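# Breakdown of the fold
One letter stands for each residue in the lines below.
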Amino acid sequence: MIKKYYLLSPGPAPVPESVLAAAAVPIIHHRTPEFSKIFMEVTEGLKTVFGTKEDVYVLTSSGSGAMETAVVNLLSPGDKALTINAGKFGERWGNICKAYGVAYKEIVVEWGADYTKDQLSAELRANPDVKAVFCQMSETSTGAVYDIKGFAEVVAPTNAVLVVDGISGMGVMPCPMDEWKVDVLLSGSQKSFMIPPGLAYIAFSPKAWKLVEVAKCSKFYFDAKKARKNLLDKTTPWTPAISLVIQQKKALDIILGMGLEQMYAHHRILGDATRAGVKALGLELLARNPGNILTAVKTPAGIEGGKIVKTMQGKYMAYIQGAQDPNKGKFFRIAHLGYMGGFDVITALVALEMTLTDLGYKLEPGASVKAAEPILRENWA
Ligand SMILES: *Cc1c(COP(=O)(O)O)cnc(C)c1O
């Protein structure tokens, strides 16, 4: 059979054909009015997606670069931070703090479990010297989403700032930065921003800028003040990934042309259909509060977890992702974010059914589609 490649991973995610084609143009210089025009249109579009009046800075790096930018620009060595570690990406906050000598208290949350604003409130009362709280909107290693609006409600009245990693969550679910009083919001290009990997985005509230003014962590490339100064000249401190900026302009036209509310509704339908499909196969979700970014599914008893991913990828070329360490094999992750349509969910479910049947799991062929299809059809618009 001709085997087609199906990218069903929570980043990098698929890119629309028109956005891919937008990069196939001669390189323009970044210190020119032509580039500045596109660049400023991109930063304006990003402000809309971020729900902020503040400037959004475009960094040439993967998403983790924006995470590092947040830490080094807000804090000084010895400052105290609170990191919520509910999976691989929450753990990264702690690792970045460690690298820069920031004293951090790590709240370890079981993978897939919830963490509430009341728990955060109690933690902040017990640690009044905390300067920044670092969390994920969507913990991509587990599929769980967290109550960012609630977190912001409890952080806003304190001296601390709330830093939200929206790398996989933004564009899929709402996180209006100004309205919710999120202090630092950041994201990456390769998930729901619908372009290839290589750009990261970050915005700071006025409360966060006060910390930036006094933060002493070492930095050079990721200096927010340099980014702020250069944006006044409609440019970036360093050579940006010019082609990606051009692609982002095209992709923002698609995203904002559709409208953010429609983007969120679209992803809700894909999430509902995927969850209904896997449940119809007798499978269990990992996350207590699953988001519409991806669905993490527990490996059924009697099947070797690694084999599901290996078969889906190797035999069917359906690139779902497995679980990361230390939970390798215990669950697998089907993404439905960014440029994915309703039939991508069906592809994932059928490939999963065929894989599970290959591995000896008993199921009724088509059962997942039977559950997912009405959700797609009734909401198709
Ligand atoms: C993908 C992702 C990251 C890491 O981004 P890179 O682009 O790989 O550096 C961080 N946080 C979350 C929540 C993510 O989904």
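Basis of the calculations
- Residues numbered from 1 in each chain as written.
- Predicted model: local features only at pLDDT ≥ 70, side-chain atom pairs only at ≥ 80, totals over all residues.
- Heavy atoms only, no water.
- Helix = DSSP H or I, 4+ residues; strand = E, 2+ residues; numbered from the N terminus.
- Rg over C-alpha atoms; globule rule 2.2 N^0.38 Å.
- Buried < 20%, exposed > 50% of the residue type's maximum accessible area, 1.4 Å probe, protein only.
- Contact = heavy atoms within 4.5 Å.
- Areas by Shrake-Rupley, 256 points an atom, 1.4 Å probe, with all protein chains shown as cover.
- Lys, Arg positive; Asp, Glu negative; His and termini not counted.
- Charge placed at Lys NZ, Arg CZ, Asp CG, Glu CD.
- Pairing = 2+ DSSP bridges.
- 1 Å grid on protein atoms, 1.4 Å probe; cavity = no way out; pocket = protein on both sides within 12 Å on 5 of 7 lines; lining within 4 Å.
- Points joined across faces, edges and corners; volume = space filled by probe spheres on them.
- Nonpolar A, V, L, I, M, F, W, Y, C, P; charged D, E, K, R; others polar.
- Phe/Tyr/Trp six-rings, centres within 6.5 Å; stacked < 30°, edge-to-face > 60°.
- Lys NZ or Arg CZ within 6 Å of the ring centre and 35° of its normal.
- Domains from an automatic or database assignment.
- Buried area = accessible area lost by both parts, 1.4 Å probe.
- Axes fitted to C-alpha atoms, helices over the stretch in contact; angles between N-to-C directions.

### With respect to the overall build of the chain
- Assigned secondary structure in the chain consists of 14 helices and 14 strands.
- A compact globule built from 381 residues would reach a C-alpha radius of gyration of about 21 Å, and the chain, at 21 Å, matches this within 12%.
- Considered along the principal axes of its C-alpha atoms, the chain spans approximately 60 × 55 × 35 Å.
- Evaluated residue by residue, the chain yields a buried proportion of 57% over its 381 residues.
- In the chain, the share of contacts with a sequence separation of at least 24, taken over all contacts with a separation of at least 6, comes to 72%.
- Summed over all atoms, the accessible surface of the chain reaches about 16,100 Å², with 56% contributed by carbon and sulfur.
- When the 42 positive and 37 negative side-chain charges of the chain are each reduced to one mean point, those points stand 3 Å apart.

### Details of helix H6 (residues 148-155)
- When you tally the buried positions in H6, you get six out of eight residues, the bulk of the element.
- Burial in H6 covers these residues: Ile 148, Gly 150, Phe 151, Ala 152, Val 154 and Val 155.
- Buried-residue contacts for H6 involve strand S3 (80-85), helix H5 (117-126), strand S5 (132-136), strand S8 (161-165), helix H7 (177-180) and helix H8 (206-214).

### Observations regarding the pairing of strand S14 (residues 331-335)
- Of all five residues in S14, five are buried, a share of seventy percent or more.
- Note: strand S11 (residues 294-298) against S14, five bridges, orientation antiparallel. Residue pairing in the sheet places Val 297 in a bridge with Phe 332 of S14.
- For strand S13 (residues 321-322) and S14, the ladder comprises two bridges, and the chain directions are antiparallel. Of the residues in S14, the one forming a bridge with Gln 321 is Arg 333.

### Things to note about empty space enclosed by the protein
- Within the structure shown, the criterion is met by three cavities of 30 Å³ or more.
- Empty space within the largest cavity amounts to approximately 190 Å³.
- Lining the largest cavity are 21 residues, and of these Val 58, Leu 59, Ala 227, Thr 236 and Pro 237 lie nearest its centre.
- Elements supplying a minimum of two residues to the lining of the largest cavity: strand S2 (56-60), strand S10 (199-204) and helix H9 (224-232).
- Its residues assigned to classes, the lining of the largest cavity shows 15 nonpolar, five polar and one charged.

### Digging into the packing of aromatic side chains
- The tally for this structure, following the rule as stated, stands at twelve aromatic pairs.
- Through successive ring pairs, a cluster of aromatic residues spans Phe 220, Tyr 221, Phe 222 and Trp 238.
- The ring of Phe 89 carries Lys 191 above its face, with NZ or CZ at 5.5 Å from the centroid.
- Across the ring face of Phe 220, the terminal group of Lys 226 is positioned such that the distance to the ring centre comes to 3.9 Å.

### Regarding the domain arrangement of the chain
- Considered domain by domain, the chain is made up of domain 1 (17-257) and domain 2 (259-379).
- Taking only C-alpha atoms, the centre of domain 1 and the centre of domain 2 are 28 Å apart.
- Every contact between the two is made by 28 residues of domain 1 and, on the other side, 24 residues of domain 2.
- For the pairing of domain 1 and domain 2, the buried interface totals around 2,200 Å² over both sides, and the portion due to carbon and sulfur atoms is 63%.
- Among the residues domain 1 hides against domain 2, the three largest losses belong to Trp 111, Val 172 and Met 194. Together they make up 24% of the total.
- If you list the elements that add at least two residues to the side of domain 1 that touches domain 2, you get helix H2 (33-50), helix H4 (88-99), strand S7 (144-145) and helix H10 (242-258).

### Here we look at the sheet that holds S14
- In spatial order, the strands read S11-S14-S13; together these three strands make up an open sheet with antiparallel pairing. With one partner strand each, in any of the chains shown, S11 and S13 form the two edges of the open sheet.
- Sitting on the sheet, helix H11 (residues 260-280) is in contact with S11 and S14, with an inclination near 15° to S11.

### Observations concerning the sheet that holds S8
- On the basis of which strands lie adjacent, the open sheet formed by seven strands has the order S2-S10-S9-S8-S5-S3-S4 and mixed pairing. Sheet topology places S2 and strand S4 (103-108) at the edges, where each strand pairs with a single neighbour. Shown here is a sheet whose adjacent strand axes are inclined to one another by a mean of 20°, direction ignored.
- Pairing of S3 with S5 involves three bridges; the strand directions are parallel. Across the sheet, residue Thr 83 finds its bridge partner in S5, namely Phe 134.
- Lying over the sheet, helix H3 (residues 63-74) contacts S2, S5, S8, strand S9 (184-188) and S10, oriented at roughly 30° with respect to S10.

### Some points on the pairing of S10
- Across the six residues that make up S10, a large majority, six, are buried.
- Alternating positions in S10 separate into two faces, Leu 199, Tyr 201 and Ala 203 on one and Ala 200, Ile 202 and Phe 204 on the other, with burial throughout.
- As judged from the five bridges shared by S2 and S10, these two strands associate in the antiparallel manner. Its bridge partner being in S10, Val 56 is matched across the sheet by Ala 203.

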